[in-house]
Each structure stands twice: as C-alpha cells, then as structure tokens.
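# Fold and geometry: a report
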Amino acid sequence: MNTRLLLGLLPTLLFFTSCHTGPTSNNIAYRNLFAEAGYPQDAIRQKIDDTFQHLFYGDKDTAAVYYEAGGNANGKLAYIHDVNNNDVRSEGMSYGMMIAVQLDKKEIFDALWNWSKTYMYHADPAHPAYGYFAWSLTTDGEINDPMPAPDGEEYFATALYFAATRWGNGEGIYNYEQEADVLTNHLRNRAPITGVASGRIYTCLNLFDAEHAMVRFTPDSIHAAHTDASYHLPAFYEVWAQRGSEENREFWAKAANASRAYFEKAAHPQTALTSDYGNFDGTPWAAPWRPESATFSYDAWRTVMNWSVDWAWWKKDPKAVERSNRLLHFFQSEGIGRYGNQYKLDGTKLADGQPVGLIACNATAALASHTPISLKFVKALWLCEPPTGRYRYYDSMLMMMALLHCSGEFKVYL
C-alpha cells in the first residue's frame, strides 16, 4: 500500500480497531468506549481502580458500600449496604459479586456469597420462597421482606457461572457451578409452594412464567402475572443456554428471544423509555402501592443497559441499535446536562436532577449505538465522581458496572 495512503487511513484504522477488536471471552469482541472517546488506557485503568477502591475500601461513613461482617464456618462474611434505606438487598449483593468476578476479586466474591447464602437464602423446602433469596434484610441478617426480587437471582446465577470458569469450583457453597445450576433450575421449574412467611400466607411460583418465557416481577401469586423491564437480562439467559443444566438450555434460549421482543414492545416508539413495571404484553403496569411504576423511574434506568449489553455480547437483536439511538436522541433533545431522572413514557419530565446511576446507564447505550452523539454520553460518565453520602449505594453500583461495560472489561466467562 502507498505509504501516504496508509498514513491517511491510520486514524480510521485505529478507530475501527478500538471498536471491533480487543480481549475476548467466548469469541466476543468487547468495545472500549472510553478509548473510542479519546481517553488513554492507563487513565481508563486508573478510573476503574479508583472507583473500586472508593466503593469497597473508601471511608465507611461517606463513601464505601462494602462492609466486612466477621465470619462463620464457611469463611469471611461481607455485605453491600443500601445506606439510604439502611438495608442489604439481593440486588446489591449480586451486583457486588458480579463486580468482584469481573475484577478477579475472589475473596470479596466469596464473602458476599457466604453472607447471601447464610442470611438471604431460603433453604427450608416448606418455605414459600424456597430456593430463592429474600430481597431485603437488616445489616444484622434479619429479614425485612422474605420475597425475592428476581434480578438478584439472575445476577447471582450468572456471577456464579463466571466464577466457576475464572477460579474453578470449590467445596460446599463454593462449588459455584453446582450452586448456579440449582438456582437456575428453581427459577424455571420450582413447583408452587403455599406457606407462612413473616406472618403472612404466600403462594409462590417459579420466577419465570412458562407461557411467556419471561421473568416475573415477583413469584408471589398475587402479582406474578407482571414483569419489570429492568429484570429482563437476555445477555445472561444466553450464558445459561450455553452453560446451564442441559434440560433447561432450550428454555433459556427461548427466554432470551422473548425478552428481546419484550423490549421492542415496552420501549416507547418516540423516546424508547420503558416503565418500571409492566405487563407481559409490554404495556406499563401501575402497581396499586406505587402508581408511578407505570413511568420511567429508578428501575427503568437499567433497561437500556440490559438490551445494549445483550447486543454487545451476542448480536442477536438488531433492533437494540435503533432503540439505543432513539433513547440517546431523546435525552440529547432534553439537554445532556439538563435531562431529568423521571419521565412519562412520552417524554414529559416528572423530576429534575441527574443521578450518577442514570448517567451511567445512558452511557452503556453506546454499546449498541452508531449515532455520533453516543460518545457524548460516555464522556458524561467519565466526568462523574464516585458518589458519596446517603444515596450512594444505587448510583455507585450502577456506575461501577457501567465503567466495566464501557471499558470493555465486563466479560463473558464460559
């Protein structure tokens, strides 16, 4: 090739390389969006390391969300603290485990898993939530609500499969693959159980509706006919379809496709916003105790991350690209520094302010976007400092995961 032509093409070649090559797991190419935005690799690594140190080992009163809690016969115990609500949530524990396995922090992973199995897990076959994890507990391990929030189970299972590959299986609760197989089997196949928990009679079903092949909002039969867009994790179901128990693999592949179709139904045709809670047909659901759940709010921030990561990993839902473009153009029209954090699905603003968690999730949309404005949202995440204070838990966890996604360091381990 002519040298002058080669030099002229060099910037284009470098951009293409940053988008389409790099470290792979299971033959997946991981985009480094920060590199595409012009940040050097040593600065990217430092940003990740500094944020991790802040979340896990920063000041316990103002910065950290990770707390060590002694030990038991299985080893060390630790939890992720939702400071604002003063509780420990299966969501945060499973996020913490996923962050730990991605960053090769086995000791942290095992301590979080030990706490989850010791205090959150329902091991009694007579318990209506048998085989699941209570979604909210005190920091002392007392159950606030015995029912599960299914995204916790989904992140637990996937983190365990990844741990089995990264570190190998151990004994007991640290036989990661066996634990994940048992959990995913319960998610699909567990029979209904009626029993008393926390002074109330529950009838609990499995966590995935068989007819729709979709995750439920809750297994509690009273509200089991609903879902939550941010609980739909087709990227993870593809992992289970390859790595899970043989008899369930076909169902998980079906569930992944069902969630992709659900996103298309649930996302507003102009804004691509989704509601917090929904019906299986994609329409919003206003829960009786929380009517604002029919709007784009705190749960729904994560939905774009779910469909964008699925596209980045598996490339099976081309409509994810248009959805991410649509969502980013909506927020661009609101002003990157001015958009709010809660909306009606048609784009009517309900609340001002830009929490770091929403900025983080919007940045991950660039994983499935080809619009030139997408890197503006990546740069907005780069400029964020790790959260401090009362509301730091949710924002911090979403920020940490988004940094891993946007740097190409959130990988599939099969």
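Refer to the structure above for everything that follows.
First, a word on scope: everything that follows refers to the structure included in this document. (Residues numbered from 1 in each chain as written. Predicted model: local features only at pLDDT ≥ 70, side-chain atom pairs only at ≥ 80, totals over all residues. Heavy atoms only, no water.)

### Some points on the packing of aromatic side chains
Within the structure shown, the criterion is met by 47 aromatic pairs. Relative to Tyr231, the ring of Phe217 lies with its centre 6.5 Å away and its plane at 5 degrees, an arrangement referred to as stacked. In this pair, Phe217 is assigned in the loop between strand E9 (214-215) and strand E10 (226-227) and Tyr231 in the loop between E10 and helix H8 (234-243), connecting sequence segments 14 residues apart. In this structure, Lys315 is placed above the aromatic ring of Trp311, and the distance from its NZ or CZ to the ring centre is 5.4 Å. (Phe/Tyr/Trp six-rings, centres within 6.5 Å; stacked < 30°, edge-to-face > 60°. Helix = DSSP H or I, 4+ residues; strand = E, 2+ residues; numbered from the N terminus. Lys NZ or Arg CZ within 6 Å of the ring centre and 35° of its normal.)

### Topic: the pattern of salt bridges
Summed over all chains, the structure comprises 24 salt bridges. A salt bridge links Arg302 to Asp151; the nearest nitrogen and oxygen atoms lie 3.2 Å apart. Pair noted here: Arg302 is in the loop between strand E11 (278-279) and helix H10 (303-314) and Asp151 is in helix H6 (residues 150-167), with a separation of 151 residues, a long-range link. Exposure remark for Asp151: the relative accessible area of 3% places this residue in the buried category. A salt bridge links Asp209 to Arg216, with the nearest nitrogen and oxygen atoms 3.6 Å apart. Each of Glu91, Asp151, Asp299 and Arg302 takes part in a single network of salt bridges with overlapping partners. (Salt bridge = Lys/Arg side-chain N within 4 Å of Asp/Glu carboxyl O. Buried < 20%, exposed > 50% of the residue type's maximum accessible area, 1.4 Å probe, protein only.)

### Considerations on the environment of Phe280
Summarising the element assignment, Phe280 is placed in the loop between E11 and H10. Of the residues examined, Phe280 reaches a relative accessible area of 8% and is grouped as buried. With 71 residues separating them along the chain, Phe280 and Asp209 place their C-alpha atoms 9.3 Å apart. Those residues in contact with Phe280 that sit more than four places away from it in its chain are Asp209, His212, Met214, Val215, Ala224, Ala225, His226, Thr227 and Tyr262. (Contact = heavy atoms within 4.5 Å.)

### Quick look at the environment of Phe263
Looking at where Phe263 falls in the secondary structure, it is placed in helix H9 (residues 249-266). Taking the C-alpha atoms as reference, Phe263 lies 8.4 Å from Ala320; in sequence the two are 57 residues apart.

### A closer look at the pairing of strand E7 (residues 200-204)
The sheet contact formed by strand E6 (residues 193-197) and E7 spans five bridges and is antiparallel. Paired with Ala197 across the two strands is Arg200, which belongs to E7. Linking two consecutive strands that pair antiparallel, namely E6 and E7, is a turn of two residues; a positive phi of about 50 degrees is found at Ser198 within it. (Pairing = 2+ DSSP bridges.)

### Focus on the packing of H9 against helix H11 (residues 319-334)
Between H9 and H11, whose axes approach to 11 Å, the crossing angle comes to 35 degrees. Of the two possible hands of crossing, H9 and H11 adopt the one that is left-handed. Mapping the contact onto sequence places Arg260, Phe263 and Glu264 in H9 and Lys319, Arg323 and Arg326 in H11. For the contact of H9 with H11, the class distribution of residues is one nonpolar, no polar and five charged. (Axes fitted to C-alpha atoms, helices over the stretch in contact; angles between N-to-C directions. Left-handed = near helix turned anticlockwise from the far one by under 90°. Nonpolar A, V, L, I, M, F, W, Y, C, P; charged D, E, K, R; others polar.)

### Focus: the layout of surface pockets
Counted as a void, the largest pocket has a volume near 940 Å³. What lines the largest pocket is a set of 34 residues, and nearest its centre among them are Arg89, Glu91, Trp135, Tyr277 and Asp299. Only helix H4 (90-102), E7 and helix H14 (392-406) provide two or more residues apiece to the lining of the largest pocket. Counting residues per element, the lining of the largest pocket draws most heavily on H14, which supplies four residues. Partitioned by chemical class, the residues of the lining of the largest pocket number 15 nonpolar, five polar and 14 charged. (1 Å grid on protein atoms, 1.4 Å probe; cavity = no way out; pocket = protein on both sides within 12 Å on 5 of 7 lines; lining within 4 Å. Points joined across faces, edges and corners; volume = space filled by probe spheres on them.)

### Considerations on empty space enclosed by the protein
For the structure on display, the rule yields three cavities of 30 Å³ or more. Here the largest cavity is characterised by a volume of approximately 70 Å³. In terms of lining residues, the largest cavity is bounded by Tyr155, Leu233, Pro234, Ala235, Phe236, Met305, Asn306, Val309, His405 and Phe410. Secondary-structure elements contributing two or more residues to the lining of the largest cavity are H8 and H10.

### Examining the nonpolar core
Core analysis: the biggest nonpolar cluster contains 141 residues, and Phe208, Trp240, Trp313 and Leu381 have the highest contact counts within it. Counting residues per element, this core draws most heavily on H14, at eleven residues. (Core = buried A, V, L, I, M, F, W, Y, C linked by side-chain atoms within 4.5 Å.)

### Quick notes on the sheet that holds strand E5 (residues 143-145)
Across the sheet, which stays open at both edges, the three strands sit in the order E3-E4-E5 with antiparallel pairing between neighbours. Across the chains shown, the open sheet's two edge strands, defined by having one partner strand only, are strand E3 (88-89) and E5. In this structure, strand E4 (residues 136-137) lies alongside E5, joined through two bridges in antiparallel fashion. The residue of E5 that forms the bridge with Leu137 is Ile143.

Keep in mind that these numbers describe shape and distance, not what the molecule does.
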